[in-house]
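Each chain, letter by letter, is given below.
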Amino acid sequence: MSTASPHITTARRIERKCIAPWWQKEQVWQHFLHHPLRFAPSFEARKIHNVYLDDPVASLKTAHEAGISSRFKLRIRWYGETREVFMHPQLEVKHKEHYWGWKEVYPLPNLHGMAVQAWLKKPSLPEAALASPSLRQFSWRPVLLNAYRRHYLESAQRQYRVTLDEGLCFFPSLFHQRIGPGRFASDQLIIELKYGVALESTALPVVPLLPFRATAYSKYLTGWQLLYGN
């Protein structure tokens, strides 16, 4: 990897999630289309793939389970229909502090064919990312892969975004294995409301208008439990 690998740090935002059964997707969709904030589709739906990484003792998983308020996830993300080709992938260090979230994003080279399996056996992260003490002190390995289709909505004033994730599936992606058989949570629809930190006080009346109760939810923990149990 080049030592000059460019990266970005996204602005902090509030993220609130709720879960609905898949068969209520149309009801949820109509809820936002008729919402007082006048949500409308903002981007074409697309399939997302993630490979989650953790250290040999699963420290990131443990931090999530313990509900530690200041923590991060480490994943490789790309968009496309196949999990066997990493097209325009990027390393994302997703930080979480209470309800606040932000990401450090590092571009990675495309991978396909045998290069995918070689990377799964020995991940190579950008040197710019490894300059961070929190990443440099551990040996990271792929733990699981997930995929889902995401739909995008945005309020008329472009202050609030909503994503709807459906068709969740999870695959083991251990460092010594090929991508194995999957497990599915396709009965779940994950709804996420996102907005800037500056809107926190004015957003409080908006949150109760979510179609279901806001709850904590982690795709990483869901995948771990489905694939490996506790």
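Everything that follows concerns the structure shown earlier in this document.
In this text the structure is predicted, and so the values were computed from the model without any measurement.

The next point concerns the side chain of K194. One can find K194 in strand β12 (residues 188-196). A polar contact of 3.5 Å, which involves the side chain of K194, links it to the side chain of T163. Excluding anything up to four places from it in sequence, K194 contacts R13, I14, E15, R150, Q159, Y160, R161 and T163.

Packed helix pairs are characterised by how far apart their axes lie and by the angle those axes make with each other. One can describe the packing of helix α2 (residues 59-66) onto helix α7 (residues 219-228) by two numbers: an axis separation of 10 Å at closest approach and a directional angle of 110°. Accordingly, the angle class assigned to the pair α2 and α7 is roughly perpendicular. Where α2 abuts α7, its residues K61, H64 and E65 lie against Y220, L221 and W224. Its residues assigned to classes, the contact of α2 with α7 shows three nonpolar, one polar and two charged.

Before going further, it helps to examine the layout of surface pockets. Approximately 530 Å³ is the volume attributed to the largest pocket. Taken together, 19 residues make up the lining of the largest pocket; nearest its centre are R71, K96, T215, A216 and Y217. Taken together, the elements giving at least two residues each to the lining of the largest pocket come down to β2 (13-21), β4 (70-79) and β6 (90-97). For the lining of the largest pocket, the residue count by class is six nonpolar, six polar and seven charged. The space that makes up the second largest pocket amounts to roughly 270 Å³. Lining of the second largest pocket is provided by 18 residues; of these, R13, R77, K103, R150 and K194 occupy positions nearest its centre. Those elements that place two or more of their residues in the lining of the second largest pocket are β2, β3 (40-54), β4, β9 (141-154) and β12. Counting residues per element, the lining of the second largest pocket draws most heavily on β4, which supplies four residues.

Side chains carrying opposite charge are able to pair once their charged atoms draw close together. For the structure on display, the rule yields 13 salt bridges. E15 is paired through a salt bridge with K94; the nearest N and O atoms lie 3.5 Å apart. Residue E15 is located in strand β2, and its partner K94 is located in strand β6; the two are separated by 79 residues in the primary sequence. Here E15 falls in the buried class, since its relative accessible area comes to 5%.

All right, on to the pairing of β12 then. Of all the nine residues making up β12, eight are buried; the element is thus mostly covered by neighbouring parts of the structure. Note: β2 against β12, nine bridges, orientation antiparallel. Residue pairing across strands places K17 opposite E192, the latter belonging to β12. Bridging between strand β10 (residues 160-172) and β12 involves six bridges; their strand directions are antiparallel. Each bridged residue has a counterpart across the sheet, and for R161 the counterpart in β12 is K194.

Cut-offs applied
- All residue numbers refer to positions counted from 1 along the written sequence of the respective chain.
- Given that this is a predicted model, residues contribute local features only at a pLDDT of at least 70 and side-chain atom pairs are listed and counted only at 80 or more, while totals for whole chains, interfaces and linings are drawn from all residues.
- The basis for the side-chain values is all heavy atoms of the structure; hydrogens and waters are excluded.
- Here a strand is any run of E in DSSP of at least two residues, a helix any run of H or I of at least four, and the numbering for each starts at the N terminus.
- The term polar contact refers here to a pair of N or O atoms within 3.5 Å; inside protein, the definition further demands a hydrogen-donor-capable atom paired with an acceptor-capable atom, and it admits residues adjacent in sequence only when both atoms are side-chain atoms.
- In this description, contact between two residues means that some pair of their heavy atoms is separated by no more than 4.5 Å.
- Every axis in this analysis is a line fitted to C-alpha atoms, fitted for helices over the stretch in contact. Angles between the N-to-C directions lie between 0 and 180 degrees.
- Just so you know how the angles are binned, under 35 degrees is roughly parallel, over 145 roughly antiparallel, 65 to 115 roughly perpendicular, and the rest oblique.
- When residues are sorted by character, Ala, Val, Leu, Ile, Met, Phe, Trp, Tyr, Cys and Pro go into the nonpolar class, Asp, Glu, Lys and Arg into the charged class, and all the rest, Gly among them, into the polar class.
- A cavity here means a set of 1 Å grid points, computed over protein atoms only, where a 1.4 Å probe fits but cannot escape. A pocket is an open set with protein on both sides within 12 Å along at least 5 of 7 lines, and lining residues have an atom within 4 Å of a point.
- Grid points are joined across faces, edges and corners, and a volume is the space filled by probe spheres set on the points.
- Any Lys or Arg side-chain nitrogen located within 4 Å of an Asp or Glu carboxyl oxygen qualifies as a salt bridge.
- The cut-offs for exposure are 20% and 50% of the maximum accessible area for each residue type, with area from a 1.4 Å probe on protein chains only; residues under the lower value are buried, those over the upper are exposed, and the others partly exposed.
- When DSSP finds two or more bridges between a pair of strands, those strands are recorded as paired.

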